[in-house]
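Summary of structural features
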Amino acid sequence: QFKKVVMKRFLVFVFLVLSTSSFALDGKEILKKMGDVYQNNTVYEFYMRYDLFKGENGTKVESTYDGYFARNKTKTYQKIDKTEFITTPSFCLKISHSEKVVELMQGEPYKNQDIDFEKTIKECKEITLEEKDKNYLITLVLKTNSQVPFTKVKVLVNKSNYHLVQLDMYYWHFEDFS
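What counts and what doesn't
- Within any chain, residue numbers begin from 1 and follow the written order of that chain's sequence.
- Local features in this predicted model are restricted to residues of pLDDT 70 or higher, and side-chain atom pairs are both shown and tallied only at a pLDDT of 80 or more, whereas totals for entire chains, interfaces and linings draw on every residue.
- Just so you know, side-chain values use all the structure's heavy atoms and leave hydrogens and water out.
- Only DSSP runs of H or I covering at least 4 residues are called helices, and only runs of E covering at least 2 are called strands; the numbering of each starts at the N terminus.
- For each residue, the accessible area found with a 1.4 Å probe, counting protein chains only, is set against the maximum for its type, and the residue is called buried under 20%, exposed over 50%, and partly exposed in between.
- Should any heavy atoms of two residues lie within 4.5 Å, those residues are considered in contact.
- In short, Shrake-Rupley with a 1.4 Å probe defines the accessible areas, and a residue's cover is counted only from the protein chains shown.
- Here a patch means residues that are over 30% exposed by relative accessible area and free of salt bridges, tied together within 9 Å if like-charged and within 5 Å if nonpolar (Val, Leu, Ile, Met, Phe, Trp, Tyr).
- For salt bridges, the criterion is a side-chain nitrogen of Lys or Arg within 4 Å of an Asp or Glu carboxyl oxygen.
- Working definition: a ring pair exists when centres of Phe, Tyr or Trp rings (six-membered ring for Trp) sit within 6.5 Å. Plane angles under 30 degrees give stacked, over 60 give edge-to-face, the rest tilted.
- Multiplying 1.5 Å by the residue count of a helix minus one yields the expected span of that helix.
- The arc under discussion is defined with respect to the helix axis, by the directions toward the C-beta atoms.
- For this analysis, a polar contact is any N or O atom pair within 3.5 Å, provided that within protein one partner can donate a hydrogen and the other can accept it, and provided that sequence-adjacent residues contribute only side-chain to side-chain pairs.
- Here, any two strands with at least 2 DSSP bridges between them count as paired.
- Every axis corresponds to a line fitted to the C-alpha atoms, with the helix fit spanning only the stretch in contact, and the corresponding angles, defined between N-to-C directions, vary from 0 to 180 degrees.

Another point: the overall build of the protein. Across its full length, the protein carries three helices and 10 strands. Starting at the N terminus and ending at the C terminus, the protein contains elements arranged as α-α-β-β-β-β-β-β-α-β-β-β-β. Buried positions account for 29% of the 178 residues belonging to the protein. Restricting to contacts in the protein with at least 6 residues of sequence separation, those with at least 24 account for 31%. Carbon together with sulfur atoms contributes 54% to the accessible area of the protein, which is approximately 12900 Å² in total.

Quick look at the structure:
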């Protein structure tokens, strides 16, 4: 009787260990879950910091500026350095403080993500997933003839709530930020 109980527990343990790898998330699934979090939450805000480097392998920060993004249902407010965007379904207002220009444009329905991850995933030649403490690090390496303007995108996603922690985008064309 004791042997049967031990054997059953051992088989359950083996099943769980073997099945864990088949249930493990991959980078695509994590990106989808992250997208769902922001699509399903209609009110949120976050602060950003932009660090600009020379080239994909640059280590020296050439320029830094702050940003902010807020969404309330179909309305958004975004500030990137000295430029602000106020967007509603009926209008989009762009205020450039450095150029002292205000532009009023036709509004558009709310689009959740600046980067279309579905399109980006199709353009990838490699997607890797690493676990970093309380986060997932997904690295997307794009095909050389990709229509997406990046060579690589690194996405750091919180494991517990699938919130975006950090997004690093490496443009395929060289930008001189000096």
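There is a patch of nonpolar side chains on the surface, built from Leu 164, Leu 167, Met 169 and Tyr 171 and spanning about 310 Å² of accessible area. Summarising the element assignment, Leu 164 is placed in strand β10 (residues 164-171).

Attention shifts here to the packing of aromatic side chains. This structure, assessed with the given rule, holds nine aromatic pairs. Seen from their ring centres, Tyr 38 and Tyr 44 are 5.1 Å apart, and the 70° between their planes marks the pair as edge-to-face. Side by side, Tyr 38 and Tyr 44 carry an identical accessibility label, which is buried. Seen in terms of ring centroids, Tyr 68 and Tyr 77 are 6.0 Å apart; in terms of plane orientation they differ by 50°. Their pairing is tilted. Tyr 68 gets classed as buried once you look at its relative accessible area, which sits at 17%.

All right, on to helix α2 (residues 27-40) then. The end-to-end C-alpha distance of α2, which contains 14 residues, comes to 20 Å, matching closely the 20 Å that a straight helix rising 1.5 Å per residue would cover. When α2 is considered as a whole, its buried residues turn out to be Gly 27, Ile 30, Leu 31, Met 34, Gly 35, Val 37 and Tyr 38. Within α2, the buried residues cover an arc of 150° as seen down the axis, which keeps them to one side. Two to three positions downstream of the cap, the backbone nitrogen of Lys 28 sits 3.2 Å from a side-chain oxygen, assigning the N-cap of α2 to Asp 26.

Direction of pairing for strand β3 (residues 75-80) relative to strand β4 (residues 83-87): antiparallel, over a ladder of five bridges. Note that in β4 the partner of Gln 78 across the bridge is Phe 85. What sits between the antiparallel neighbours β3 and β4 is a turn of two residues, in which Asp 81 has the positive phi angle 55°. In this structure, β4 lies alongside strand β5 (residues 91-96), joined through five bridges in antiparallel fashion. Residue pairing across strands places Thr 87 opposite Cys 92, the latter belonging to β5. The hairpin turn running from β4 into β5, its antiparallel successor, is three residues long.

Time to look at the sheet that holds strand β8 (residues 135-142). Sheet strands line up and pair through hydrogen bonds in the backbone, either parallel or antiparallel. Pairing within the open sheet is antiparallel, and its four strands lie in the order β7-β8-β9-β10. Here the strands that pair on one side only, and so sit at the sheet edges, are β7 (124-132) and β10. Averaged over all adjacent pairs, the angle separating strand axes in this sheet is 10°, with direction ignored. Bridging between β8 and strand β9 (residues 150-158) involves seven bridges; their strand directions are antiparallel. Note that in β9 the partner of Asn 135 across the bridge is Asn 158.

Attention now goes to the side chain of Thr 88. Within the secondary structure layout, Thr 88 lies in the loop between β4 and β5. Once you skip the residues sitting within four places of it in the chain, Thr 88 turns out to touch Thr 74, Lys 75, Gly 107 and Glu 108.

Turning to the environment of Gly 27, a few remarks are in order. Positionally, Gly 27 belongs in helix α2. Residue classification places Gly 27 among the buried positions, given a relative accessible area of 5%. The spatial distance from the C-alpha of Gly 27 to the C-alpha of Thr 139 is 8.2 Å, given a sequence separation of 112 residues. Beyond its immediate chain neighbours, meaning those up to four positions away, Gly 27 contacts Ile 127, Leu 129 and Ile 138.

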